[in-house]
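Residue-level structural notes
The residues making up each chain are set out below.
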Amino acid sequence: MVEGKKAPYLRLGVNIDHVATIRNARGGKFPDPIRAAQLAVEAGADGITAHLREDRRHISDEDIDRLAAGVGGKPLNLEMAATEEMLAIALRHKPHAVCLVPERREERTTEGGLDAAGGHNHLAPIVRQLVAARIRVSLFIEAQPMQFQAAKSLGAQVVEIHTGAYCDAHGHEDYAARDRVLERIKAGAKQATDLGLEVHAGHGLTFDTVVPIAAIAQIVELNIGHFLVGEAIFVGLDAAIRRMRHLMDEGRQAIS
Ligand code: PXP
């Protein structure tokens, strides 16, 4: 960051997938993820994120139909695998943004980032069609120099840095490993910004891990879901989101 220059506002995208997970545990309509999205916006979310998985284990096609136009004037960030089926859905709905993520059926959640470098030939036509439809394209990648280079050469406008390894190390109280990953994320955020990419981050973030990530000036958006939905069981969604927002602001203030 240039001395004297204020870090940009840090947006919060609330991921509502796991409201749908609870709904789907019983079938039926409750709890409704769109109601959660509305509450999230009222609590200060700057956008709503939803991952339509190939196996539809949480968010459904109908949820996307209802979310596509945005909620409370806030944009939808559609997370999806780079497949022809998902591309067709995205082109039909034209959400504000699409975040391309790796997806394996047997995984419990999105493990690891997209191999933008190795998957260049597969990803290129998908990114091109999304960009041509005026959808902002983000690639969910690990903080590795060659992945940022690949994202740039693919024509994505945004990268989302995977914070899973950082959060896992924190959870295992391996603070040396956590700090090493944090340094990699910081260097990656700088490299991406220098390449002209917008930088987001997410996965596994909690009240305990968000502040150092929010203090990285080049990151302009965090996408957070699982922890917020879990915390909502104890304190309510509104209070959970407001506390996360407060901690993000605290991280940001440390660098302003
Ligand atoms: N960003 C991306 C690209 C993701 O795939 C996910 C998980 O769906 C998240 C952010 C949010 O992660 P979490 O639910 O662990 O907060």
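The structure this text deals with has already been given above.
The structure contained in this document is the topic of the report that follows. None of the values given here were measured: they were computed from a predicted structure.

Quick look at the packing of aromatic side chains
Applying the stated rule across the entire model yields 1 aromatic pair. Where Phe207 meets Phe227, the ring centres are 4.8 Å apart and the plane angle is 80 degrees; that geometry is what we call edge-to-face. Here the residue Phe207 occupies a position in the loop between strand 7 (198-202) and helix 9 (210-214), and Phe227 occupies one in helix 10 (residues 226-235), the gap between them amounting to 20 residues. Note on Phe207: relative accessible area 16%, which makes it buried. When its relative accessible area of 22% is taken as the criterion, Phe227 is described as partly exposed. One cation-aromatic arrangement involves Arg243 over Phe207; the distance from NZ or CZ to the ring centre is 5.6 Å.

Here we look at the sheet that holds strand 6 (residues 158-162)
An order of 1-2-3-4-5-6-7-8 is seen for the 8 strands of this closed barrel, with the pairing classed as parallel. On average, adjacent strands in this sheet sit at an angle of 25 degrees to one another, irrespective of strand direction. Bridge count for strand 7 against strand 8 (residues 219-224) is 4 bridges, and the pairing is parallel. Looking across to strand 8, one finds that Ala201 is bridged to Leu222.

A word on helix 2 (residues 33-42)
Of the residues making up helix 2, those classed as buried are Pro33, Ile34, Ala36, Ala37, Ala40 and Val41. Looking down the long axis of helix 2, one finds its buried residues gathered within 155 degrees of arc, a one-sided arrangement. In helix 2, the exposed residues that point more than 90 degrees away from the buried face are Arg35 and Glu42. For helix 2, the elements touching its buried residues are strand 1 (11-15), helix 1 (17-26), strand 2 (47-51), helix 3 (61-67) and helix 11 (237-253).

Re the nonpolar core
Counting residues in hydrophobic clusters, the biggest one holds 77 residues, and the most contacted among them are Leu100, Leu130, Leu139, Ile213, Ile219 and Leu222. No other element matches helix 11, which puts 6 residues into this core. Non-local contacts of Ile213, meaning those with residues more than four positions away in its chain, are made with Thr163, Tyr166, Leu182, Ile185, Ala201, Leu205, Ile219 and Leu222.

Remarks on the environment of Met248
Checked against the element boundaries, Met248 lands in helix 11. Each residue touching Met248, except ones within four places of it in the same chain, is listed here: Leu10, Arg11, Leu12, Val210, Ala214 and Leu222.

With respect to the pattern of salt bridges
Taken as a whole, this structure holds 14 salt bridges when the rule is applied. A salt bridge links Asp63 to Arg23; its shortest N-O distance comes to 2.7 Å. Of this pair, Asp63 sits in helix 3 while Arg23 sits in helix 1; the two residues are 40 residues apart in sequence, bridging distant segments of the chain. Judged by its relative accessible area of 8%, Arg23 is buried. With a shortest N-O distance of 3.4 Å, Lys186 and Glu183 are connected by a salt bridge. Of this pair, Lys186 and Glu183 are both found in helix 8 (residues 175-194), 3 residues apart, which corresponds to roughly one turn of the helix. With relative accessibility at 47%, the residue Glu183 sits in the partly exposed group. Among the ionic contacts, a cluster of salt bridges with common partners joins Arg11, Arg136, Glu198 and Glu221.

Rules and cut-offs
- Residues numbered from 1 in each chain as written.
- Predicted model: local features only at pLDDT ≥ 70, side-chain atom pairs only at ≥ 80, totals over all residues.
- Heavy atoms only, no water.
- Phe/Tyr/Trp six-rings, centres within 6.5 Å; stacked < 30°, edge-to-face > 60°.
- Helix = DSSP H or I, 4+ residues; strand = E, 2+ residues; numbered from the N terminus.
- Buried < 20%, exposed > 50% of the residue type's maximum accessible area, 1.4 Å probe, protein only.
- Lys NZ or Arg CZ within 6 Å of the ring centre and 35° of its normal.
- Pairing = 2+ DSSP bridges.
- Axes fitted to C-alpha atoms, helices over the stretch in contact; angles between N-to-C directions.
- Arc of directions from axis to C-beta.
- Contact = heavy atoms within 4.5 Å.
- Core = buried A, V, L, I, M, F, W, Y, C linked by side-chain atoms within 4.5 Å.
- Salt bridge = Lys/Arg side-chain N within 4 Å of Asp/Glu carboxyl O.

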